[in-house]
Amino acid sequence: MADTNLFTLRIITPDRVFYEGQVSMVEFNTTEGEIGIYKKHVPMTVIVSPGILTISEEGGTKEAALHAGFAEILQDKVVILAEIVEWPEEIDKQRAEAARGRAEERLRSKTPETDILRAETALQRALARIHVIK
């Protein structure tokens, strides 16, 4: 018997359909904070912030690094349009660690030329990558 609490999740990047399937819950970061979505969620559109994407399926959960984009949330479907989403096996750990170090150094140095928002976003992306590969 099919689980009636499932809804369709579709995650699309500029170069591929990253994920499409039936899920019981999806969690990710937005500009307003972390959000968890179940079937029959209040319809809305949100801006995605860098962080961990957690997909709950019937067989368990999957995690990926989700960087930025938009999400359309309907009662029976969620569509995430993302710049970049990466499964753990697609992430180069050394590059992610190096990116974290560069971002932390930019934030520490705080020269007048430092774009703080850009450095913070780079740090969030690096930390998301590092988290999902552990």
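Now for a quick tour of the structure. (Residues numbered from 1 in each chain as written. Predicted model: local features only at pLDDT ≥ 70, side-chain atom pairs only at ≥ 80, totals over all residues. Heavy atoms only, no water.)

Some points on the overall build of the protein chain
Broken down by element type, the protein chain carries two helices and ten strands. Each helix (α) and strand (β) of the protein chain, taken in turn from the N terminus, gives the series β-β-β-β-β-β-β-β-β-β-α-α. Projected onto the principal axes, the alpha-carbon positions of the protein chain cover approximately 60 × 30 × 25 Å. The proportion of buried residues among the 134 residues of the protein chain is 40%. When contacts within the protein chain are restricted to residue pairs at least 6 apart in sequence, those whose partners lie at least 24 apart make up 51%. Total accessible area computed for the protein chain in this model is approximately 8,000 Å², and 50% of it derives from carbon and sulfur atoms. Between the centroid of the 17 positive side chains of the protein chain and the centroid of its 22 negative side chains there is a distance of 4 Å. (Helix = DSSP H or I, 4+ residues; strand = E, 2+ residues; numbered from the N terminus. Buried < 20%, exposed > 50% of the residue type's maximum accessible area, 1.4 Å probe, protein only. Contact = heavy atoms within 4.5 Å. Areas by Shrake-Rupley, 256 points an atom, 1.4 Å probe, with all protein chains shown as cover. Lys, Arg positive; Asp, Glu negative; His and termini not counted. Charge placed at Lys NZ, Arg CZ, Asp CG, Glu CD.)

Quick word on unusual backbone geometry
In this structure, lysine 40 takes a positive phi of about 70 degrees despite not being glycine. By the secondary structure assignment, lysine 40 is in the loop between β4 (33-37) and β5 (44-48).

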